[in-house]
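What the coordinates show
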There are 2 protein chains.
Amino acid sequence: MKNNSPLILVTNDDGYFAPGLKALVNMVKPYGKVLVVAPEKGVSGMSHAITISQPLRLNLISKDDNVTIYKVNGTPADCVKLAINQLVDKTPDIIVSGINHGSNSSISVIYSGTMGGAIEGCINNIPSLGISLDNHSMNADFSVAIKHSETIFKSVLENGLPEHTCLNINFPVCSENEFKGIKVCRQARGVWKEEYDKRTDPHGGTYYWLTGQFRNNENGSTDTDEWALKNNFASIVPVKSDFTNYEALNKIENLNFTNDTKE
Amino acid sequence: MKNNSPLILVTNDDGYFAPGLKALVNMVKPYGKVLVVAPEKGVSGMSHAITISQPLRLNLISKDDNVTIYKVNGTPADCVKLAINQLVDKTPDIIVSGINHGSNSSISVIYSGTMGGAIEGCINNIPSLGISLDNHSMNADFSVAIKHSETIFKSVLENGLPEHTCLNINFPVCSENEFKGIKVCRQARGVWKEEYDKRTDPHGGTYYWLTGQFRNNENGSTDTDEWALKNNFASIVPVKSDFTNYEALNKIENLNFTNDTKE
């Protein structure tokens, strides 16, 4: 371990009261001082959004020797920024975001507030984990996810992570007997096919609820997070905060708008 | 061009009324049928957020032979999803998001609603451009940005883009004489160092405004979007929707939690 009392920052996107967060706090608290800074309400689907047009409020919920909990009227990215800038004397040694009620595999990484919190950590060069369980229920059983999250957490606390890289960790819903292990994966190619539920309000106005079905665009590859989850593995995808498509740089340079350059 | 009358979808994150969007619509309308679906109010910093917990409303603002404009009580990603799923008979040929009032270079790509709209396009395999001008003013002069955006727009409409890749295009604030040209770049390494403005409300409560200063962590490299903008080039970064850090897969596999796997 980096030092005798690591500072562990915990956030999520389901809110400070969510059972998945509470399970995570119980798991990490033997390893150091725990600071929880989490949204005051559920903010699923907020991605990496930050709050610019209204002020943020930090409210202390509870504090004991080892665990301090604040709620914020913002997003997971706001929570991480506020914690780092206003609440700590030293940079956190590790950030854990979750455990999310619902998976964030494949393209869902882009929409996920849980992963927004983790990516904000790696932008700031803090080893960060986003952890999700493939079950949206508030009564979900986190025991298998917690047990194996602890293995990953201990390893990352000890070894760190590559620069500007965090982990997107997803757990399947299965018993410990059925659980196959932890698999390092790539993000599966997939897309949410939106099927908006179009309705009419009592005043005759039309409104739309976002629904949608995930479509996996892979052809049976076994190296993806979707495959891992479907086969009772936990998936770990290393996620980076540099979105450049390096392989495409040459192709784009060859498009004729580069003729527009004077030199 | 792909066909005689391309369908051009336009969105932004400053709202359907923003001058940057209007300038963009005027630029693209000679090239096809234009559908604008944009937020009803400014939603800067919303990243790739989607609206799950409240219903969306689509309101027609205006319609003529060539340009139809809708506003939505949501984010740029919501606008693109709703447009594709509810408003069109065929998939748009191209999506343009912007022109944003303010740059979205370096790490700002992650927080940007403008880029959220463009990335949503490339997830759906539609060639997509996010365009920003390094000037937050509502009275910004978009003429140089529009002139050179047209070059890029025409090329992408004709040639398409690599799969699951969109373009993050940023323009400097300069005259046409000072403008150096268009440069294909990588995303500069950088971070916003948040300096929250901590205040006390009239009732004694503490609140925080997000402010912050961008810190460029590059050492003078000339291949980044930040360098390009500072030197009066427009920057183009190809951005991909697969966030996997492929280079890190082996390193992560070598961490000892893989011992946890049964097989």
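All figures in this text were calculated on a predicted structure; none of them were measured in a lab.

Thresholds applied
Residues numbered from 1 in each chain as written. Chains lettered and ligands numbered in written order. Predicted model: local features only at pLDDT ≥ 70, side-chain atom pairs only at ≥ 80, totals over all residues. Helix = DSSP H or I, 4+ residues; strand = E, 2+ residues; numbered from the N terminus. Rg over C-alpha atoms; globule rule 2.2 N^0.38 Å. Buried ≥ 20, exposed ≤ 12 C-beta atoms within 10 Å, placed from the backbone. Expected span 1.5 Å × (residues − 1). Contact = placed C-beta atoms within 7 Å. Least-squares fit on C-alpha atoms with pLDDT ≥ 70 in both. pLDDT = per-residue confidence, 0-100. Right-handed = clockwise from strand over helix to strand, strands pointing away. Pairing = 2+ DSSP bridges. Axes fitted to C-alpha atoms, helices over the stretch in contact; angles between N-to-C directions. Nonpolar A, V, L, I, M, F, W, Y, C, P; charged D, E, K, R; others polar. Parallel < 35°, antiparallel > 145°, perpendicular 65-115°, else oblique. Left-handed = near helix turned anticlockwise from the far one by under 90°.

Assigned secondary structure in chain A consists of seven helices and 13 strands. The C-alpha atoms of chain A give 20 Å as radius of gyration, which agrees with the globular expectation for 263 residues (18 Å, within 12%). C-alpha extents for chain A along the principal axes are approximately 60 × 60 × 50 Å. Taken over 263 residues, chain A has a buried fraction of 55%.

A few words on helix α5 (residues 143-159) of chain A. Residue and element names in this part refer to chain A. Between the first and last C-alpha of α5 there are 24 Å, a value that for 17 residues agrees with the 24 Å anticipated at 1.5 Å per step. Packing partners of the buried residues in α5 comprise α1 (19-28), β5 (94-101), β6 (128-133), β7 (165-171), β8 (181-184) and β13 (233-240). Of the residues one or two after α5, G160 is the one with positive phi, at around 70°.

By a simple turn and slide, chain B fits onto chain A: the slide is 0.0 Å along the axis, the RMSD is 0.0 Å, and the turn is 180°. In symmetry terms, the pair is related by a two-fold rotation axis. A symmetric contact is evident, with 100% of the interface residues of chain B recurring at the interface of chain A.

Right, let's talk about the confidence of the model for chain A for a bit. For chain A, the mean per-residue pLDDT works out to 94, and 96% of the residues sit at or above 70. Complex prediction metrics read pTM 0.95 and ipTM 0.93.

All names here are of chain A. Of all seven residues in strand β2 (residues 33-39), six are buried, a share of seventy percent or more. On the question of chirality, the crossover connecting strand β1 (residues 7-11) to the parallel β2 by way of α1 is right-handed. Bridge analysis of β2 against strand β4 (residues 67-72) gives six bridges, and the strand direction is parallel. Its bridge partner lying in β4, V34 is registered against V67.

With that out of the way, let us pick up the sheet that holds strand β3 (residues 58-63) of chain A. All names here are of chain A. Pairing is mixed in the open sheet, where nine strands are placed in the order β3-β4-β2-β1-β5-β6-β7-β13-β8. Looking at which strands have only one partner, the edges of the open sheet turn out to be β3 and β8. In this sheet, adjacent strand axes meet at a mean angle of 20° when their direction is disregarded. As defined by bridge partners, β8 adjoins β13 across four bridges and the pair is classed as parallel. Among the inter-strand pairings, K183 is bridged to a residue of β13, identified as S235. Sheet strands touched by α1: β1, β2, β4, β5 and β6. Its angle to β5, the strand with the most contacts, is close to 145°.

Note: interface size is frequently given as the accessible area lost on complex formation between the parts. Between chain B and chain A, the residue contacts involve 69 residues of the former and 69 residues of the latter. Breaking the side of chain B that touches chain A down by element, the ones donating at least two residues are α2 (76-87), α3 (108-111), α4 (113-123), α5 (143-159), β8 (181-184), β11 (206-209), β13 (233-240) and α7 (249-253) of chain B. Looking at the side of chain B that touches chain A, its residues break down into 35 nonpolar, 21 polar and 13 charged.

Glancing now at unusual backbone geometry. In this chain, G98 of chain A is followed by I99 of chain A through a cis amide linkage whose omega measures -10°. One can find I99 of chain A in strand β5. Located in the positive-phi region is S47 of chain B, a residue other than glycine, with phi close to 55°. When you line up the elements, S47 of chain B lands in the loop between β2 (33-39) and β3 (58-63).

This part covers the packing of α2 of chain B against α4 of chain B. Residue and element names in this part refer to chain B. The contact between α2 and α4 brings their axes to 7 Å, and the two run at 30°. In this view, α2 runs roughly parallel relative to α4, as classed from their interaxial angle. In the crossing of α2 with α4, the sense of the turn from one axis to the other is right-handed. Each of P76, A77, C79, V80 and K81 in α2 lies in contact with α4, whose residues at this interface are G113, T114, G116, G117, E120 and G121. Per-class residue counts for the contact of α2 with α4 are four nonpolar, five polar and two charged.

This part is about the packing of α1 of chain A against α5 of chain A. All names here are of chain A. Direction vectors running N to C along α1 and α5 enclose 50°, while the axes themselves pass 10 Å from each other. Considering their axes alone, α1 and α5 lie oblique with respect to each other. Judged by the twist between their axes, the crossing of α1 over α5 is right-handed. On α5, the residues that touch A23, M27 and V28 of α1 are I146, S149, E150 and F153. Class assignment of the residues belonging to the contact of α1 with α5 gives a composition of five nonpolar, one polar and one charged.

For the rest of this paragraph, the subject is the environment of F179 of chain B. Residue and element names in this part refer to chain B. Here F179 is to be found in the loop between β7 (165-171) and β8. For the pair F179 and K193, spaced 14 residues apart in the sequence, the C-alpha separation amounts to 29 Å. If sequence neighbours within four positions are ignored, F179 has contacts with V144, C174 and N232.

Our next topic: helix α4 (residues 113-123) of chain A. Residue and element names in this part refer to chain A. Most of α4 sits inside the fold, with 11 of its 11 residues counted as buried. Taken residue by residue, α4 has G113, T114, M115, G116, G117, A118, I119, E120, G121, C122 and I123 as its buried positions. Looking one or two places after α4, you find N125, whose phi comes out positive at around 60°.

Moving on to the sheet that holds strand β5 (residues 94-101) of chain B. All names here are of chain B. With mixed pairing, the nine strands of this open sheet are ordered in space as β3-β4-β2-β1-β5-β6-β7-β13-β8. Here the strands that pair on one side only, and so sit at the sheet edges, are β3 and β8. When strand polarity is set aside, the average angle formed by the axes of neighbouring strands in this sheet is 20°. Here five bridges tie β5 to strand β6 (residues 128-133), and the two strands are oriented parallel to one another. Its bridge partner lying in β6, V96 is registered against L129. Where helix α1 (residues 19-28) meets the sheet, it contacts β1 (7-11), β2, β4 (67-72), β5 and β6, and its direction lies at approximately 145° from that of β5. Contacts from α4 reach β1, β5, β6, β7 and β13, with the element oriented near 165° to β6.

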